[in-house]
Amino acid sequence: MYQLVTIPGSCSTGIHVLLNKLNIPVEIIPRDQINDYPSLVPTNQVPALKDEEKLFTEGAAIVLYLINKHNVDLNNYGGAALFNQWLMFNYATLHPAYGKLFTLNGVMEEGEKKYEVMHALASRVEDTWKIVDQHLADKSYMTGESPSVIDYLLAIYASWGNYFPQLTIKLGDNVLRLIEEVSQHSVFTKAYQKESVEYRIPQSAR
């Protein structure tokens with residue numbers, strides 16, 4: 001059985017959802033229950049996936065490992081090139097855009113300067129969502145005719161606005177349509193239930 005180290009509601013939950021979608025059992029281990037986690041994963045980041053004696057880190061790499069190992073046909077998701085493009089967009093563009101908000105929110109002292117920087121970064125995040133919203137204008141899902149881990153990750157990222165109630169990050173009607181649907185899928189809700197976390201779309205996102 002796979003072992004997956006997670007922080008509930010983080011991008012690691014996307015790997016949990018993917019494993020559910022593949023109908024593969026997994027043991028979920030919260031990161032804070034592992035003593036000296038950095039000795040295992042030097043970046044101190046999640047996800048980390050253990051497959052027998054092999055340990056894999058970096059979300060995109062784990063997604064590709066699982067897809068290859070379990071023979072997922074990417075032709076069902078627009079082909080490998082399109083799928084990989086949007087997978088990397090999630091991990092290399094949208095995720096880091098939120099990462100900047102989390103980092104600065106934790107290190108900057110409260111005050112006018114922090115307010116200005118945080119709102120500027122929120123505007124950049126919103127611009128990134130506009131790219132997704134435009135892509136979804138004539139599509140039900142990001143790639144293919146059924147939802148993939150890419151769509152579930154988008155739903156997870158969208159919820160991160162709840163950590164910044166002082167900011168407004170609009171998601172766009174097409175994005176809202178997507179995440180309102182996929183966040184109700186059983187593979188998604190089971191992951192959140194197992195990790196004991198509630199899923200909510202930020203009120204300011206609408």
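Each remark here, short or long, concerns the structure printed above.
Predicted model, so just to flag it, every value in this text is computed and none were measured.

*Asks:* Before we move on, can you summarise the pattern of salt bridges with the specific residues and values?
*Replies:* Under the defined criterion, the tally for this structure stands at five salt bridges. Among the salt bridges present, the one from Lys 130 reaches Asp 127, with a minimum N-O distance of 3.6 Å. Here the residue Lys 130 and the residue Asp 127 both occupy positions in helix α5 (residues 112-135), the gap between them amounting to three residues, near one helical turn. Judged by its relative accessible area of 36%, Asp 127 is partly exposed. The residue Lys 139 makes a salt bridge to Asp 138 at a minimum N-O spacing of 3.0 Å. Among the residues examined, Asp 138 registers a relative accessible area of 63% and is labelled exposed.

*Asks:* Could you give an account of the packing of helix α6 (residues 149-159) against helix α7 (residues 173-182), naming the residues involved and the relevant values?
*Replies:* Where α6 contacts α7, the two axes come as close as 9 Å, and the packing angle between them is 105°. Put simply, α6 runs roughly perpendicular to α7. Between α6 and α7, the contacting residues are Asp 151, Tyr 152, Leu 154, Ala 155 and Ala 158 on the first element and Leu 178, Ile 179 and Val 182 on the second.

*Asks:* Break down the packing of aromatic side chains for me, citing the residues and quoting the values.
*Replies:* The full count for this structure, using the stated rule, is 12 aromatic pairs. Both rings, one in Phe 102 and one in Phe 164, keep their centres 4.9 Å apart while their planes meet at 55°; by these two values the pair is tilted. Within this pair, whereas Phe 102 is found in helix α4 (residues 80-107), its partner Phe 164 is found in the loop between α6 and α7, the two being separated by 62 residues in sequence. Relative to Tyr 199, the ring of Phe 188 lies with its centre 5.2 Å away and its plane at 85°, an arrangement referred to as edge-to-face. A residue pair is termed long-range when its members are at least 10 positions apart, and Phe 188 in helix α8 (residues 186-194) and Tyr 199 in the segment after α8 qualify at 11 residues. Residue Phe 188 shares its accessibility class with Tyr 199, and that shared class is buried. Among the aromatic residues, ring-to-ring pairing joins Tyr 98, Phe 102, Tyr 157, Trp 160, Tyr 163 and Phe 164 into one connected group.

*Asks:* Go over the environment of Met 108, please, and point to the residues and values.
*Replies:* Within the fold, Met 108 resides in the loop between α4 and α5. For the pair Met 108 and Pro 30, spaced 78 residues apart in sequence, the C-alpha separation works out to 28 Å. Contacts of Met 108, omitting those with residues within four sequence positions, involve Lys 113, Lys 114 and Val 117.

*Asks:* Please set out the pairing of strand β3 (residues 48-51) residue by residue, giving values where relevant.
*Replies:* Side chains on a regular strand alternate between the two faces of the sheet. Sheet topology places strand β1 (residues 2-6) next to β3; three bridges connect them, and they run antiparallel. Each residue of the ladder has a partner; that of Leu 4, found in β3, is Leu 49. Across four bridges, the pairing between β3 and strand β4 (residues 54-57) is antiparallel. Opposite Lys 50, over in β4, you have Leu 55 as the bridge partner. The hairpin turn running from β3 into β4, its antiparallel successor, is two residues long, and Glu 52 in that turn takes a positive phi close to 60°.

*Asks:* Tell me about the nonpolar core, and please be specific about residues and values.
*Replies:* Nonpolar side chains in soluble globular proteins generally cluster together in the buried interior. The biggest cluster of nonpolar side chains holds 63 residues, and the ones touching the most others in it are Tyr 98 and Trp 129. The next biggest cluster of nonpolar side chains, apart from the first, holds five residues, and it includes Val 5, Tyr 37, Val 41 and Ala 48.

What counts, and where the lines are drawn
Residues numbered from 1 in each chain as written. Predicted model: local features only at pLDDT ≥ 70, side-chain atom pairs only at ≥ 80, totals over all residues. Heavy atoms only, no water. Salt bridge = Lys/Arg side-chain N within 4 Å of Asp/Glu carboxyl O. Helix = DSSP H or I, 4+ residues; strand = E, 2+ residues; numbered from the N terminus. Buried < 20%, exposed > 50% of the residue type's maximum accessible area, 1.4 Å probe, protein only. Axes fitted to C-alpha atoms, helices over the stretch in contact; angles between N-to-C directions. Parallel < 35°, antiparallel > 145°, perpendicular 65-115°, else oblique. Contact = heavy atoms within 4.5 Å. Phe/Tyr/Trp six-rings, centres within 6.5 Å; stacked < 30°, edge-to-face > 60°. Pairing = 2+ DSSP bridges. Core = buried A, V, L, I, M, F, W, Y, C linked by side-chain atoms within 4.5 Å.

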